[in-house]
Amino acid sequence: MLEFFDAAMLARLQFAFTVSFHIIFPAFSIGLASYLFVLEALWLKTDNPVYLRLYKYWLKIFAVGFGMGVVSGLVMSYQFGTNWSVFSDKAGPVIGPLLAYEVLSAFFLEAGFLGIMLFGMDRVGKKLHYFATSMVAFGTLLSATWILAVNSWMQTPTGHAVNELGQFVPGNWMSIIFNPSFPYRLLHMTLASYLTVSFVVGGVGAWHLLRDKSNPEARKMFSMAMWMATFVAPIQIFAGDLHGLNTLEHQPIKVAAMEGHWHRQTGAPFLLAAWPDSEKERNSFEIGIPYASAIVLTHDIDGETPGLTDVPASDRPPVGMVFWSFRVMILIGTLMALIGIYSVWLRWKGRLYETPWFQKSALWMGPSGFVAVLAGWVVTEVGRQPFTVYGLLRTSESLAPVDAPAVAASLIAFIVVYFALFGAGTYYIIRMMCLPPDGQGPQAGKPLRAAGTTPAASMTPTELVGGL
Amino acid sequence: MDMDLPLIWAGLLSLGVFIYVALDGFDLGVGLLFPFFAKDADRDVAMNTVAPVWDGNETWLILGGGGLFAAFPLAYAIVMPALYAPFTIMLLALVFRGVAFEYRWRDKSHERIWDTSFVFGSFMATFMQGIVLGTFVQGIEVDGRAYAGGWWDWLTPFTVMTGVALCFGYSLLGSGWLILKTEGSIRAQAYRFATLTAMGTFFFVCVVSLWTPLLSPEIYARWFTSPTIYFVAPVPLLTLVVAGFIARGIYKQIDSIIYPSTIALLGLCFIGLGVGLTPYIVPRAITIHEAAAPDSSLMFMLVGALIMLPLILGYTGYSYWIFRGKVRHGDRGYHS
């Protein structure tokens, strides 16, 4: 057990922990910034005060989420060096400039206009304020573009050469940035952010509809969220399929792990559940749909799909984690699409806002996007193992010369601080979400009160959101 | 034409780090001064002077880390493990203070906790940055392409002293900023802070100047032997002049002079640090050229930097312009 926690494993745990915490906030702010952009545009166009109230309501929540994203992201930009210095030395010439572009083109843009967006409504004109909102939204998308180019290059490296020092050096920047998995990953992640936020907005709208189904802001946000679920969830399933086919082409062993297939085979089943056993190189139990995997992956009932035993055991990722995370993601994606489809039926019947079981379902689905995003990242990142740069640089050869106790101590510090501080932030966000979005929120100088004191609430917000 | 791209990038990165010091320095400084305000309402105003700009200021630190990684990956790979604990503590400290900007408004009943978090975070971040600067003077043990020292090599009397020194420097910057941005009782308090922190800063500038040359014969030779002495001699002389400006600004209560003069003072200290470090990027072990990424990486980034940096400076300046003028009690932005 103790050997398991060597410096390498601790450094991986630390990266996994800090990056998993971090990704929650960008996933939230990418989608929410675009939502704010849409709300302000609609307000300017229609002059309907409902949009302005929704804008102000979500802006406060955005500010807290964005702040947590900034500080947890800062940690990431140093973590490459503190724990993965050999990786940094070797891959720095290729991925460093992309990160530099992210900072120069996106981070400064977001930070520069965020002040105006948050504090500038009384200081600048409407159009200029809208411009600031647009720049922040654009900045979040630009940031995603660069960081996903980096991540995708690590998954499907192209356009580089290796110099005499063993460093990856740039050959062709266009093929480094537009590496084979980049367009798919960018599309899949951007849609994931939009869906995540749609379900958060939908969940909050549902919560307030359950208290007061006539609340105009709650109706508006619930309706907008359900349109997103209707259209974006199916598109996301399609985009995910394209991404999967791209992975099959470039990282077949990752797909074998996602499918839980140990052996190359034709007409492979899609496994609904299985218990992969790496020692025996087989699943100790499995239930599947015959031929389904072959059909999805090769569009041919007798198509051939890869197996984990195509490569030596030392080149395989941990199977169980990849396999199960993939299923969690798929399940949530399917539920999202079902909610979206059913909302069309309710809308047609004129009962979209007054079907309590549906609002309750939407409320339960509120945080589901975050779970799906995390599960998806586990699939792609754990699936990349045992490499940092796929097929070229092993994780075990990427490590910094730091002793295990130092990594362990900093890991514990990160865990304690993140749970305490980001836990508090999440609590504040949930509390803000429980306040009605009707412009009758807390006035200046008055302390905020949790929704537990609003007359209609019979449950505490945290109980209903499932103890997030 | 052959450009010395590593040198250009060393210059750009130094500029980025210096802009970081000048900007985040004042908001960290406001954090350091936070516990010494007489009234809670003054704390609200002090925080509101930095709230619209702090995360833009912190972005320069990301540029510092990201830029070092991109332009000098070998230096990044050596410096980060060498300064493992100070960087980790600094990052965690920045989390503590960063969240306080929002949380203290969201939860008035626990305002004290978040104020403490803000002060503690600002202090630890500043102190660790001072230790990092001190380590760059003191030296880092290198073997081949990796750090070869222990975890605690960075902790010496010299680096502790530079840590304390930077706390005074940032506090003076914060005082100068508050003098610019506030009025009435807060401004009066800021002048008292400025008097004390200026004395502390001057004292530590002297200590650093006298101690640094003693750390290595190479640094000593640069400051005290011909011909380099002729190039470096203006630095201490200008420092004296700038210190005079600060003292006069405080004495005569000229609001607009203290913050810019403090930036100039820290700039001169920064140049002094550079004099000792050049041509190395990892002190006395790895030179700028040894650590640099290949020219193809540097050129690719340079194109972006030359386009983006003027834009960044433009809209950052514009944002400061929008929030110009004194901040008053009751200005609460979107928190209301």
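Caption draft 1: Fine view of the overall build of chain A. Within chain A one finds 14 helices and eight strands. Taken over the C-alpha atoms alone, chain A extends approximately 65 × 50 × 45 Å along its principal axes. A distance of 15 Å separates the average location of the 29 positive side-chain charges in chain A from that of its 29 negative side-chain charges.

Caption draft 2: The nonpolar core, seen in detail. In terms of nonpolar packing, the biggest core is built from 221 residues, with Trp58 and Phe422 of chain A together with Phe72 of chain B touching the most fellow members. It is helix H2 (residues 49-83) of chain A that contributes the most residues to this core, 20 residues altogether. Of all hydrophobic cores here, the second largest spans 27 residues; its members include Met226, Tyr353, Ala362 and Ile430 of chain A.

Caption draft 3: Examining empty space enclosed by the protein more closely. A full pass over the atoms with the stated rule returns three cavities of 30 Å³ or more. As for the second largest cavity, its lining consists of Phe108, Ala111 and Gly112 of chain A together with Pro52, Val53, Asp55, Gly56, Asn57, Trp60, Thr316, Ser319 and Tyr320 of chain B. Among the secondary structure elements, those contributing two or more residues to the lining of the second largest cavity are helix H3 (85-119) of chain A together with helix H3 (54-71) and helix H14 (295-322) of chain B. For the lining of the second largest cavity, a count of residues per class yields six nonpolar, five polar and one charged.

Caption draft 4: Focus on the pattern of salt bridges. Residues and elements named next belong to chain B. Scanning the entire structure with this criterion turns up 18 salt bridges over all chains. A salt bridge links Glu102 to Arg106, with the shortest nitrogen-to-oxygen separation between them at 3.2 Å. Of this pair, Glu102 and Arg106 both sit in helix H5 (residues 84-106), four residues apart, roughly one helical turn. Across this residue pair, the class does not change: Glu102 and Arg106 are buried. Asp115 is paired through a salt bridge with Arg104; the nearest N and O atoms lie 2.6 Å apart.

Caption draft 5: Quick peek at unusual backbone geometry. All names here are of chain A. With an omega of 5°, the peptide bond between Gln385 and Pro386 qualifies as cis. Mapped onto the elements of the fold, Pro386 is located in the loop between helix H12 (368-382) and strand S7 (387-389). One non-glycine residue, His299, adopts positive backbone phi at about 55°. Within the secondary structure, His299 sits in the loop between helix H9 (292-298) and strand S6 (304-305). Looking at His299, the relative accessible area reads 58%, which means it is exposed.

Caption draft 6: Structural detail: the packing of H2 of chain A against H3 of chain B. Contact geometry for H2 of chain A and H3 of chain B: axes closest at 9 Å, N-to-C directions at 20°. In terms of axis orientation, H2 of chain A runs roughly parallel to H3 of chain B. Note on packing geometry: the crossing formed by H2 of chain A with H3 of chain B is left-handed. Residue-level contacts link Phe66, Val70, Val71, Leu74, Ser77, Tyr78 and Phe80 of chain A of H2 of chain A to Trp54, Asp55, Glu58, Leu61, Ile62, Gly64, Gly65 and Phe69 of chain B of H3 of chain B. Of the residues belonging to the contact of H2 of chain A with H3 of chain B, the class tally is 10 nonpolar, three polar and two charged.

Caption draft 7: Region of the structure containing the packing of aromatic side chains. Residues and elements named next belong to chain A. Counted according to the given criterion, the structure contains 57 aromatic pairs over all chains. Pairing Phe17 with Tyr418 gives two aromatic rings, centres 5.8 Å apart and planes at 40°, and the pair type is tilted. Here Tyr418 lies in helix H13 (residues 404-434) and Phe17 lies in helix H1 (residues 7-46), a separation of 401 residues in the sequence. Each of the two residues, Phe17 as well as Tyr418, counts as buried. Site record: aromatic cluster; members linked through ring pairs are Phe17, Phe21, Phe25, Phe414, Tyr418, Phe419 and Phe422.

The rules behind each value
- Residues numbered from 1 in each chain as written.
- Chains lettered and ligands numbered in written order.
- Predicted model: local features only at pLDDT ≥ 70, side-chain atom pairs only at ≥ 80, totals over all residues.
- Heavy atoms only, no water.
- Helix = DSSP H or I, 4+ residues; strand = E, 2+ residues; numbered from the N terminus.
- Lys, Arg positive; Asp, Glu negative; His and termini not counted.
- Charge placed at Lys NZ, Arg CZ, Asp CG, Glu CD.
- Core = buried A, V, L, I, M, F, W, Y, C linked by side-chain atoms within 4.5 Å.
- Buried < 20%, exposed > 50% of the residue type's maximum accessible area, 1.4 Å probe, protein only.
- 1 Å grid on protein atoms, 1.4 Å probe; cavity = no way out; pocket = protein on both sides within 12 Å on 5 of 7 lines; lining within 4 Å.
- Points joined across faces, edges and corners; volume = space filled by probe spheres on them.
- Nonpolar A, V, L, I, M, F, W, Y, C, P; charged D, E, K, R; others polar.
- Salt bridge = Lys/Arg side-chain N within 4 Å of Asp/Glu carboxyl O.
- Axes fitted to C-alpha atoms, helices over the stretch in contact; angles between N-to-C directions.
- Parallel < 35°, antiparallel > 145°, perpendicular 65-115°, else oblique.
- Left-handed = near helix turned anticlockwise from the far one by under 90°.
- Contact = heavy atoms within 4.5 Å.
- Phe/Tyr/Trp six-rings, centres within 6.5 Å; stacked < 30°, edge-to-face > 60°.

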